Amino acid sequence: MKNRIFHSGLVIAPENRVYLERPRIHKLMEDAVRSPLVTISAGAGYGKTQAVYSFLQKNDALTTWVQLSDRDNLPTRFWENFTSVIALYNPDYAARLLDIGFPETEDQFAVYLSLMEEEIAPGRRDIVVFDDFHLLENKTVLHLIRKSVQVPVSKVTNILISRTEPDVRTYHLLSKGMIVSISEEDLRFTEEETAQYFQLLGIPATAQSISHIHGDTAGWPLAINLVGLSLKKAPSQEQKARTAMKLNVFKMIEDEVFLVISERLRRFLIRLSLIDHLSTDLVSALAGSDALIDEMRKINAFIRYDVYRHAYLIHHLFLDYLRRKQDLLTAEEKHATYLEAADWCDKNDYKMDAISYYEKAGEYEAIIRIVSGFPLQVPSGQAQFLLNIYDNGPEDVLERIVLYHLQHARLLTSTGRHMDAIEECNRRIRKYAALPASDFNNQVLCGAYVALGSTRHLMLPYTDQCDFDALLEKANYYHQLSPYTEYGSFNSTSMNAWASKVGTTRSGAMEEYIEALTRAVPHMANILNGCMYGLDDLARGELLFYQGNLDLAEKLITQAMRKAESRNQYEVRNRSLFYLLRIGAAQGSHQRMQQVIKELEAQLEIREYGFRFITYDILSSWYYIWLGETQHTSKWLKGHFAGDSLGSELANFGNMVKTQYYYVKKRYRELLVFIESDQNLSVILFGKLEMHILKALCQYQLKNRDAALVALKEAYDLALSNKLTMPFIEMGKEMRTLTAAAARDKTCPIPRQWLDTIGRKAGAYAQQMAVVVSEYQKANNIGEDAHLSAKELDILGDLYHGLSRTQIAAARSLSLNTVRMTLNTIYTKLGADNVADVIRIALDRNLIQ
């Protein structure tokens, strides 16, 4: 397919009525895109964008064109912009990228690279263009792009278009000759190209005139274009046109374009310069008439319509000129423009841009309405951006909005300012409790108590104080006095790898927490549309699981899962599925484990659950690690551990699964380094216990017997008060070996009876897992004589012929998730690790015709 160029937002690419094809530039681009990185740097008006765009229109590469603006210095807005382009040709891929969020951490970046590699079809070259790269100043966004171009993905070329030389610090690529730079000098018109251009315009010009014009313009494409426009109107006024060009380019734009059009179109174009999104629908709504659109389209040297993006595109310099005229607009015109743009962005899921436009329009209720749809834990950068809007907004307006009082404290918590959030909540409670009772005051008090209770709940691992339930009870009291239904739908309860938030070994602490949670959940669910529903049953079942009471644990966890499903509490449901997966392993039932995986696969179709792909990766990777099929572990879970700055509880869950991967792959020393430095998993008692168990096993595998026994004793002490046994048992034969060694050591202070019991149960667990592995291999026909089904053979053939997963799904009328799972099955049956591997094996066995 030719001309597959997909744009974002406002793409600035001039298209003249007559465009000069420049074979020299085409050849330059053709050679350049063979490299992983191309930088194109030149001042305004040198045709940087047009040169790339013209080349790509004749190229069969799939192009993701990201038009950058000042707004992209907010990481979440950049990611929204980037994924919106991908959604034009691959909505499922875009949904997965939105799921991981802006790749600020090593984990997120690893997922991003993994997904990118997965989506590139064999034999296809993909191109990613970042236009107006010079507008980026945010260090976080720049760091992402630098990392992206420094880790070249096979068959992907990154093109950076900038007015200044892009600082991407790609020294190792430069040393290998893997970067091509196209400069201002390359883009200048030669004298011959100048003559050809004037010939195309139908302007008679002597060789001497061409030489003078080329000399005056120094080959600057925009200046040559403007001189051409002037001479087309008055062919005999060559000297005047050259003089005007020399004096002021903006003056020439004004004389040749702006003053020629109607007053109505002038004001309309200035209004367009206020916004970045120029979709056909939005522009038509702002215009109010087809006649105005028709007149605008005649300015085709500076404005054009892009059929792929369904948007109007304006040249840089013309846009800069229009922005200088914005003071001609009335306040009413600006407000109407911002409001129309905000409504359009909101409707089309450009949430961060909608928020920015609503702020300019002074519509703070609309901003708060959008934020109410965000998860309870907002990414820290996004939270700080929103706090800045609120803190700079009119206090008298914001104070009259009920949700503001809950959201501001919630955003403080999301940026790690827990004590500030608590202080603010207490201040609001004192203020509004002292005022006469009213619906508004009651609703503000409800929100303040919800924020305070939620923050105290998050801080419980550090404070060991179960007072959050009383605060949420107080919130529900005010809610019942004056019900408020606009809080939003919180379907992603903030959770770590565990339901419990207990960090202490204090006797009775677990039971106190569960009882407090049991009292708190009905209040929270009543106020916030089901939030936390089922979490108390999950916490109780979780404790029973860790105590080895699997039958009762399974009943409570299944009950928790059904409750969570009834109120769309996806995180509660997924942690429940994780425990059911572990219970299935302990019971030696691969069928039960496989049923959990099927439920996770079905969940991938639930678009309103934003973290579905990440959660699927985590749980399915644990499943494959436990089966010994580590080649199916998601790539990002094979990489480095996420650091303390992550702030994402889901990523901590991912770290927990990574520890198992590292252990199974015998990367003991790296795992020990992580365990010693971990500040996240070890906050919760269950996590602390599992890290000490792994520490003991790693030391034993490294022949550090004394250190292993010390770590085992520490794990025993952590488990003793709550009689926790299952994490020891789950380590199977290796734990049996370690406890046997401890039992033989007369100096070991751990009771012999406990060591014998754990060793015996760990041995039994290993036998059950052997049954599970055998069932898995039998079900998947693993072996030299592996038989592929007709569907598997069809998909294997499609892969061989260069189709991506998305293309296979479309061609076979299958969901993308079905294709992914079928490919995993093929890899398993053939013992392959990647695409090249599976194709090689299939060819060797004559499976591909």
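Everything in this summary refers to the structure shown in the same document. (Residues numbered from 1 in each chain as written. Predicted model: local features only at pLDDT ≥ 70, side-chain atom pairs only at ≥ 80, totals over all residues. Heavy atoms only, no water.)

## A look at the overall build of the protein chain
For the protein chain, the count of helices and strands is 44 helices and eight strands. Relative to its 849 residues, the protein chain shows a buried fraction of 60%. Sequence-distant contacts in the protein chain: of pairs separated by 6 or more residues, those separated by 24 or more amount to 71%. Summed over its atoms, the accessible surface of the protein chain is roughly 34,300 Å², and 50% of this surface lies on carbon and sulfur atoms. Of the charged side chains in the protein chain, 96 are positive and 103 negative, and the gap between their average positions amounts to 3 Å. (Helix = DSSP H or I, 4+ residues; strand = E, 2+ residues; numbered from the N terminus. Buried < 20%, exposed > 50% of the residue type's maximum accessible area, 1.4 Å probe, protein only. Contact = heavy atoms within 4.5 Å. Areas by Shrake-Rupley, 256 points an atom, 1.4 Å probe, with all protein chains shown as cover. Lys, Arg positive; Asp, Glu negative; His and termini not counted. Charge placed at Lys NZ, Arg CZ, Asp CG, Glu CD.)

## Here's the deal with the pairing of strand β4 (residues 126–131)
A large share of β4 lies buried, amounting to six of its six residues. Of the two faces of β4, both are covered, the one formed by Asp 126, Val 128 and Phe 130 as well as the one formed by Ile 127, Val 129 and Asp 131. Summarising the sheet, strand β3 (residues 62–67) and β4 pair through six bridges and their orientation is parallel. Opposite Leu 62, over in β4, you have Asp 126 as the bridge partner. By the bridge criterion, six bridges tie β4 to strand β5 (residues 156–162) in an arrangement that is parallel. When the bridges of β5 are listed, Phe 130 appears paired with Leu 160. (Pairing = 2+ DSSP bridges.)

## Description of the packing of aromatic side chains
Within a pair of aromatic rings, the relevant descriptors are the distance that separates the centres and the angle that separates the planes. Applying the stated criterion across every chain yields a total of 38 aromatic pairs. Residues Phe 578 and Trp 622 carry aromatic rings whose centres are separated by 5.7 Å and whose planes lie at 90 degrees to one another, so their mutual orientation is edge-to-face. In this pair, Phe 578 sits in helix α31 (residues 570–586) while Trp 622 sits in helix α33 (residues 612–627), placing the two residues 44 residues apart along the sequence. Accessibility classification places Phe 578 together with Trp 622 in one group, the buried group. Members of the aromatic cluster, connected to one another through ring pairs, are Phe 545, Tyr 546, Phe 578, Tyr 579, Trp 622, Trp 626, Phe 653 and Phe 686. A cation over an aromatic ring shows up here: Lys 563 above the ring of Tyr 533, its NZ or CZ 5.8 Å from the ring centre. The positively charged end of Arg 667 is found above the aromatic ring belonging to Tyr 662, 4.0 Å away from the centroid. (Phe/Tyr/Trp six-rings, centres within 6.5 Å; stacked < 30°, edge-to-face > 60°. Lys NZ or Arg CZ within 6 Å of the ring centre and 35° of its normal.)

## Brief notes about unusual backbone geometry
The phi dihedral of Asp 464 is positive, around 55 degrees, even though this residue is not glycine. Structurally, Asp 464 can be placed in the loop between α26 (460–463) and α27 (468–481). The class of Asp 464 is partly exposed, set by a relative accessible area of 29%.

## Side note on the pattern of salt bridges
Pairs can form between side chains of opposite charge once their charged atoms are near each other. Going through the model one piece at a time under the given rule, you end up with 45 salt bridges. Residue Asp 320 is joined to Arg 163 by a salt bridge in which the shortest nitrogen-to-oxygen separation is 3.6 Å. Placement of the pair is Asp 320 in helix α17 (residues 316–323) and Arg 163 in the loop between β5 and α7 (171–175), with a sequence separation of 157 residues. Arg 592 is the partner of Glu 554 in a salt bridge, and the nearest nitrogen-oxygen pair spans 2.7 Å. Residue Glu 554 is located in helix α30 (residues 550–566), and its partner Arg 592 is located in helix α32 (residues 590–603); the two are separated by 38 residues in the primary sequence. Here the salt bridges do not stand alone but share partners, grouping Glu 263, Arg 266, Arg 267 and Glu 333 into one network. (Salt bridge = Lys/Arg side-chain N within 4 Å of Asp/Glu carboxyl O.)

## Overview of the side chain of Thr 822
Considering the arrangement of structural elements, one finds Thr 822 in helix α43 (residues 816–830). When its relative accessible area of 7% is taken as the criterion, Thr 822 is described as buried. In contact with Thr 822, not counting residues within four places along its chain, are Lys 791, Glu 792 and Ile 795.

Structural measurements only, silent on function.
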